[in-house]
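Analysis of the macromolecular model
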Amino acid sequence: MSIRDLLRGLPVLAHEMPPFDPGDVPDAPVPLFASWLAGAIAAGVDEPHAMTLSTVDADGAPDARVLILKDLDDEGWSFATSSTSAKGRQLATEPRVALSFHWREQGRQVRVRGVARPADPEVSRRDFLARPLGSRIATMAGRQSEPLDRREALDGAFARARALVLNTPDLAPEAHTVYLVRPETVEFWQADRERRHVRLRYRRAGEGWERELLWP
């Protein structure tokens, strides 16, 4: 059997999916997202706070990776990374980004497009100190995305970072940065087994939002 035939034989939209009435939604996208996120958590969706962050490099080439949503408020979506990492450098050059959430078990996607700006340094510091030990050690080891000649170098860097974190538990690296994505458009996508998907897009209009339905 070819890969093509194997892929075509896989089930699609095989889960029970919740209803979505686009005529009964809040005026702004964040409350609706918060409701969908709470529903995903209640339904037992694996890692519902995982999202894909898409950026572009200095040449305009796209890049994407999966991160964890750190916070959500009326201003937008927050994530954290090192400002010296590849994505941190890309954000410094081009702060326009896209976020993508996919809750497969519910047939739901949310797509956010906006501008990412660094939060106040104290916000970033608190975020770092609240992280699990392993996460803080990995961040302190640094050099994210740089070439690694051999695994022993990583082991040594982690050992030194572990000692540093344990000896100075209040230390937070200056490069650790929380970014806030202020949305310009937010699209909510609810799958339908008959492919009559519901797509609702919010578009920023001044201080408010416009809503529109999209063809599936």
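Further up the page is the structure itself.
We now turn to the structure provided with this report. (Residues numbered from 1 in each chain as written. Predicted model: local features only at pLDDT ≥ 70, side-chain atom pairs only at ≥ 80, totals over all residues. Heavy atoms only, no water.)

Turning next to the packing of helix α5 (residues 133-141) against helix α6 (residues 151-167). Relative to each other, α5 and α6 sit at 120°, their axes nearing to 8 Å. The element α5 and its partner α6 pack so that their crossing is right-handed. Across from L133, R136, I137, A138, M140 and A141 in α5, the residues of α6 making contact are A157, F158, A161, R162, L164, V165 and L166. Of the residues in the contact of α5 with α6, the class split is 11 nonpolar, no polar and 2 charged. (Axes fitted to C-alpha atoms, helices over the stretch in contact; angles between N-to-C directions. Helix = DSSP H or I, 4+ residues; strand = E, 2+ residues; numbered from the N terminus. Left-handed = near helix turned anticlockwise from the far one by under 90°. Contact = heavy atoms within 4.5 Å. Nonpolar A, V, L, I, M, F, W, Y, C, P; charged D, E, K, R; others polar.)

Moving on, we come to helix α4 (residues 121-129). Taken residue by residue, α4 has S124, D127 and F128 as its buried positions. Viewed along the axis of α4, the buried residues span an arc of 95°, placing them on a single side of the element. Taken together, the buried residues of α4 touch β4 (76-82), α5 and β7 (176-190). Residue D120 occupies the N-cap position of α4, its side-chain oxygen lying 2.9 Å from the main-chain nitrogen of E122. (Buried < 20%, exposed > 50% of the residue type's maximum accessible area, 1.4 Å probe, protein only. Arc of directions from axis to C-beta. Polar contact = N/O pair within 3.5 Å; in protein donor to acceptor, adjacent residues only side chain to side chain.)

All right, on to the environment of V30 then. For V30, the location among the structural elements is in helix α2 (residues 29-42). Taking the C-alpha atoms as reference, V30 lies 25 Å from G88; in sequence the two are 58 residues apart. If we ignore the near neighbours within four places in the chain, the residues touching V30 are L72, D73, D74 and W77.

The analysis is restricted to geometry; functional conclusions fall outside its scope.
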